[in-house]
Each structure stands twice: as C-alpha cells, then as structure tokens.
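What follows is each chain in one-letter form.
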Amino acid sequence: MSKQNPKSKSRKEPAKITEGTSEVPAAKIETPEKKTLIKERTPEEKQKEHRDGIIKTIVAAILGTIAGILYFHLYGTGENNIWYVELTIVIGFTYFIQKFLYPQLQISTKEFKLKDWFYVEFIVVDFFLVVWTILLNLSLRS
C-alpha cells in the first residue's frame, strides 16, 4: 500500500474562467490626460531670468550693507531704540528703493510675487544685521 499525501486528497480542480463582455468599452475606462499649462522657456528667457536673479541679489545685498553702515553711524549700538521698529523702517525704505530701482535696471517689478519680495527683503535684513554686528564688534576692540 502506498501512502497518500494529505495534500493530494484535498486537491480541487481550478475554477473555469469564462470571458464575458464588459458593459463599459475599454476607451471609457482610461482616464483622460490632464493638460499641463507649463510654458516652455527659451534659452534667452532662462538667461534673462538668471541675470535678473543675480542683479536682485546683488542690489539687495548692497542695500543691506548700506543700511547696516548707516544704522551704525547714526545710532551706534542702538541701546535706546526699539529694535523691531528700526528693522521695520529698514525694510520699508529698502522696499521702496528697490521698487523704483529695479525698473531702471530693466527688471519688471510687476512680475514680482510675494516670494520674490520676501527673498530680496530677507537678503537686505540679513546683510543689514551682519554688517551692523561686524561694525559693533570692531568698535568694541578699539
């Protein structure tokens, strides 16, 4: 007598699969492609945007440096001043200076978005604080 494998006893035949017609045609199952509205830029446009970005960064850095030097010479350590008011004044003045300076440099401020203004003002404030701090440390050594 041969021993039967327990698995062989419970083997079932696979179910037969019948192909039926679907009610929905295959063309309707596919999702329609979304159209993207991303405009392809030419190499000239890319080069102009790159040049404008460099100019924006340099102008903001120069304005921040000038603001830091002026603030140091006018107020010194600024102990008697409210720091956030002075910082707001720096931001306000540099905003208006940039608003009138960029069109003279062939950069359209009408195309600026909130993130662009935030970027240039961050650079201004950053340079302002760094230059002012360096001048304060140099004056303490003397």
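Predicted, not measured: the structure shown is a model, and the values here were computed from it. (Residues numbered from 1 in each chain as written. Predicted model: local features only at pLDDT ≥ 70, side-chain atom pairs only at ≥ 80, totals over all residues. Heavy atoms only, no water.)

**Let's talk about the overall build of the protein chain**
Moving on, step 1. Across its full length, the protein chain carries five helices and zero strands.
Moving on, step 2. Order of helices (α) and strands (β) in the protein chain, N terminus to C terminus: α-α-α-α-α.
Moving on, step 3. Looking at the 142 residues of the protein chain, the share that counts as buried comes to 23%.
Moving on, step 4. The contacts of the protein chain with a sequence gap of at least 6 include a subset with a gap of at least 24, amounting to 74%.
Moving on, step 5. Total accessible area on the protein chain is roughly 12,700 Å²; 62% of this is exposed by carbon and sulfur atoms. (Helix = DSSP H or I, 4+ residues; strand = E, 2+ residues; numbered from the N terminus. Buried < 20%, exposed > 50% of the residue type's maximum accessible area, 1.4 Å probe, protein only. Contact = heavy atoms within 4.5 Å. Areas by Shrake-Rupley, 256 points an atom, 1.4 Å probe, with all protein chains shown as cover.)

**Observations regarding the packing of helix α3 (residues 43-75) against helix α4 (residues 83-101)**
Moving on, step 1. The geometry of α3 relative to α4 is characterised by a closest axis approach of 11 Å and an angle of 140° between their N-to-C directions. Considering their axes alone, α3 and α4 lie oblique with respect to each other. Considering how the two elements wind past one another, α3 and α4 form a crossing that is right-handed. Listed contacts from α4 to Val 59, Ala 60, Leu 63, Ala 67, Tyr 71 and Tyr 75 of α3 are Glu 86, Val 90, Thr 94, Ile 97, Gln 98 and Leu 101.
Moving on, step 2. Here the residues of the contact of α3 with α4 are counted per class, giving nine nonpolar, two polar and one charged. (Axes fitted to C-alpha atoms, helices over the stretch in contact; angles between N-to-C directions. Parallel < 35°, antiparallel > 145°, perpendicular 65-115°, else oblique. Left-handed = near helix turned anticlockwise from the far one by under 90°. Nonpolar A, V, L, I, M, F, W, Y, C, P; charged D, E, K, R; others polar.)

**Quick look at the confidence of the model for the protein chain**
Moving on, step 1. Mean pLDDT for the protein chain: 83, with 74% of residues reaching 70 or above.
Moving on, step 2. Averaged pLDDT values for the elements of the protein chain fall to 56 in helix α2 (residues 26-29) and rise to 93 in α3. (pLDDT = per-residue confidence, 0-100.)

**Some points on the pattern of salt bridges**
Moving on, step 1. Here the structure, examined in full by the defined rule, presents three salt bridges.
Moving on, step 2. Put simply, Arg 41 and Glu 49 hold a salt bridge, and the shortest N to O gap is 2.3 Å.
Moving on, step 3. Accessibility expressed as a relative area gives 42% for Glu 49, which makes it partly exposed.
Moving on, step 4. The shortest N-O distance in the salt bridge between Lys 48 and Asp 52 comes to 2.8 Å. Residue Lys 48 and its partner Asp 52 are both found in helix α3; the two are separated by four residues, about one turn of the helix.
Moving on, step 5. Accessibility expressed as a relative area gives 10% for Asp 52, which makes it buried.
Moving on, step 6. Linked through salt bridges whose partners overlap, the residues forming this network are Lys 48, Arg 51 and Asp 52. (Salt bridge = Lys/Arg side-chain N within 4 Å of Asp/Glu carboxyl O.)

**Some points on the packing of aromatic side chains**
Moving on, step 1. As enumerated under the stated definition, the model contains nine aromatic pairs in all.
Moving on, step 2. Both rings, one in Tyr 71 and one in Phe 128, keep their centres 5.5 Å apart while their planes meet at 80°; by these two values the pair is edge-to-face. Taken together, the residues Tyr 71 in helix α3 and Phe 128 in helix α5 (residues 114-141) connect sequence positions 57 residues apart. Per residue, the accessibility class of Tyr 71 equals that of Phe 128, and both read buried.
Moving on, step 3. An aromatic cluster is built from Tyr 95, Phe 96, Tyr 102, Phe 112 and Trp 117, whose rings are joined through pairwise contacts. (Phe/Tyr/Trp six-rings, centres within 6.5 Å; stacked < 30°, edge-to-face > 60°.)

**Considerations on the nonpolar core**
Moving on, step 1. Core analysis: the largest hydrophobic core is formed by 21 residues, its most contacted members being Tyr 102 and Phe 128.
Moving on, step 2. Of all the secondary structure elements, the ones that give two or more residues to this core are α3, α4 and α5.
Moving on, step 3. Discounting residues that sit within four places of it in the chain, Phe 128 has contacts with Gly 64, Ala 67, Gly 68, Tyr 71, Leu 87 and Val 90. (Core = buried A, V, L, I, M, F, W, Y, C linked by side-chain atoms within 4.5 Å.)

**Details of the layout of surface pockets**
Moving on, step 1. Taken as a whole, the largest pocket encloses approximately 500 Å³ of empty space.
Moving on, step 2. Contributing to the lining of the largest pocket are 13 residues, with Glu 49, Asp 52, Lys 56, Glu 111 and Asp 116 lying nearest its centre.
Moving on, step 3. For the lining of the largest pocket, the element with the most residues is α3, which contributes six residues.
Moving on, step 4. Grouping the constituent residues of the lining of the largest pocket by class yields two nonpolar, two polar and nine charged.
Moving on, step 5. Approximately 270 Å³ is the volume found for the second largest pocket.
Moving on, step 6. Surrounding the second largest pocket, 13 residues form its lining, Ala 67, Leu 70, Ile 89, Val 90 and Phe 93 being those nearest its centre.
Moving on, step 7. Where the lining of the second largest pocket is concerned, the elements lending two or more residues are α3 and α4.
Moving on, step 8. For the lining of the second largest pocket, the leading source of residues is α3, giving seven residues.
Moving on, step 9. Across the lining of the second largest pocket, the residue classes tally to eleven nonpolar, one polar and one charged. (1 Å grid on protein atoms, 1.4 Å probe; cavity = no way out; pocket = protein on both sides within 12 Å on 5 of 7 lines; lining within 4 Å. Points joined across faces, edges and corners; volume = space filled by probe spheres on them.)

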